[in-house]
Amino acid sequence: MNFKNSKIIFFIVYLAYTSIYIARINLSVAGPELIGLGILDTAQIGTLGSVFSTVYAIGRLINGGLSDRTPPWIMLTSGLALAGISNIFISFFPPFIGICIFWFANAYAQSMLWSSVLSVVSSIYGKETAKKKTSVMVTSVAMGNILSIIVNTYLITNFGPKFAFIVPGILTVVLGLAVLIFTKDVKPSSETSVKKHISMLSLIKKRSVVTMLVPAMLHGVMKDNISLWMAVFIVERFAVDLTKSSYYILLIPTIGFIGRIIYPTVYKILKNKENTVSLFGFIVSAVCAVILCFKSVGIIPAVLCLSIIYAAVSMINTSILSIYPLHFTKTGNVASVSGIMDFATYLGAGVSGVIYGVIIKRFGYTPMFVSWAVSQLFLL
């Protein structure tokens, strides 16, 4: 089904999905300041990271199937509104249990979005065009990371850490209203399918789906833990302040953005095989993780290694969570398969996040990097 205003719809959805990373990475950027003020400690930040990833994982599994049957505007508007309100409540810095509850709500709200984003793209464009547009849409992740660092660092430095939650909260609510206006005529993917819809239980049993779960989980361990720990790692390991560290951590999502931009080229070079792209990404990640295991590595090489890992993981992420689900367009299962892959991804991030929080507090960051190297080599 083609839409005359498809470009506008795509742009609005792109902005909306970009905004949720500003309302997610804000915790990582504000982390050093929150620790300094005694609001949170590293173990609590690790717990929050684990809460987010675990709730997001479960939410993606639930909302993936739901998004195949529900008009995208309902999922997108509801998710953006709830994410925004949750961030605003966090800005009051209630006791830790309160922050956990609102971060829980933020995680579930954000789990409502990506499947519906894919449903919008697959509905307003044909299959081949949808693949190209999806490779562009996923750059919103890196763009959101970049903007989050810039915007939230500015807000924290000039107005205090609470504004790193207030402003992103308001932004997501406003964009939720914009999505409501422009996507209300887009139908769920199950209504545009040409073959019989496959049930969630049947999908989970499919061999092709099952074989993707382990690489999805292992790339999730790196993806979200880089975002969660990058600011605190640089500040603590290299004894720099938040303002100076922001110049370094900005490089990580920037190179990650490049990784997503060059995905179509790498995909073509590797003969249009998304699994081969993923394998390439895991090899690159393993090499850089090994380098990070050495404490003698300086700040610039360390940031470059994290950046390259993030770029490689971004390509893996595009293959597993965006391109692979499009194979199920004809049966109207794009959102469901995306949800299953995201579930595995964030389950890996959730389980590892709380473990890393405890380990980092006692032993530093090296064990985390060792686990990354070993896990990636396991796939080879």
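Because the structure is a prediction, the values reported are computed rather than measured.

*Asks:* When you look at unusual backbone geometry in this model, what are you seeing that I'm missing?
*Replies:* We note that Lys271 has phi near 60°; this positive angle belongs to a residue other than glycine. For Asn272, which is not glycine, the phi torsion reads 60° and is therefore positive. When you line up the elements, Asn272 lands in the loop between helix H15 (263-269) and helix H16 (274-292). A relative accessible area of 46% means that Asn272 is categorised as partly exposed.

*Asks:* Hey, could you run me through the environment of Asn152 in this one?
*Replies:* Looking at the secondary structure, you find Asn152 in helix H8 (residues 139-159). Residue classification places Asn152 among the buried positions, given a relative accessible area of 0%. Among residues more than four places away in sequence, those in contact with Asn152 are Ile22, Asn26, Val29, Leu147, Ala164 and Pro168.

*Asks:* Even after reading the chapter, I still don't get empty space enclosed by the protein, so can you show me in this structure?
*Replies:* Sizing a probe to match a water molecule and rolling it over the atoms shows the empty space that remains. Considering all chains together, one arrives at four cavities of 30 Å³ or more under this definition. Here the largest cavity is characterised by a volume of approximately 170 Å³. Lining the largest cavity are 18 residues, with Arg24, Gly49, Asp224, Ser227 and Leu228 sitting closest to its centre. Only helix H2 (26-36), helix H3 (42-69), helix H12 (213-238) and helix H18 (334-363) provide two or more residues apiece to the lining of the largest cavity.

The rules behind the values
- Within every chain, residues take consecutive numbers counted from 1 along the sequence as written.
- Confidence filtering applies because this is a predicted model: local features only for residues at pLDDT of at least 70, side-chain atom pairs given and counted only at 80 or more, and all residues used for totals across whole chains, interfaces and linings.
- Heavy atoms from the whole structure form the basis of all side-chain values; hydrogens and water molecules are not counted.
- Each helix corresponds to a stretch of at least 4 residues labelled H or I by DSSP, and each strand to a stretch of at least 2 residues labelled E; elements are numbered beginning at the N terminus.
- Per-residue accessibility, obtained with a 1.4 Å probe over protein chains only, is compared with the maximum for each type, and a residue is labelled buried under 20%, exposed over 50%, and partly exposed between these values.
- For this analysis, residues touch if any pair of their heavy atoms sits within 4.5 Å.
- Of the two site types, the cavity is a set of points on a 1 Å grid over the protein atoms alone where a 1.4 Å probe fits but cannot get out, and the pocket is an open set with protein on both sides within 12 Å along at least five of seven lines, each lined by residues with an atom within 4 Å of a point.
- Grid points are joined across faces, edges and corners, and a volume is the space filled by probe spheres set on the points.

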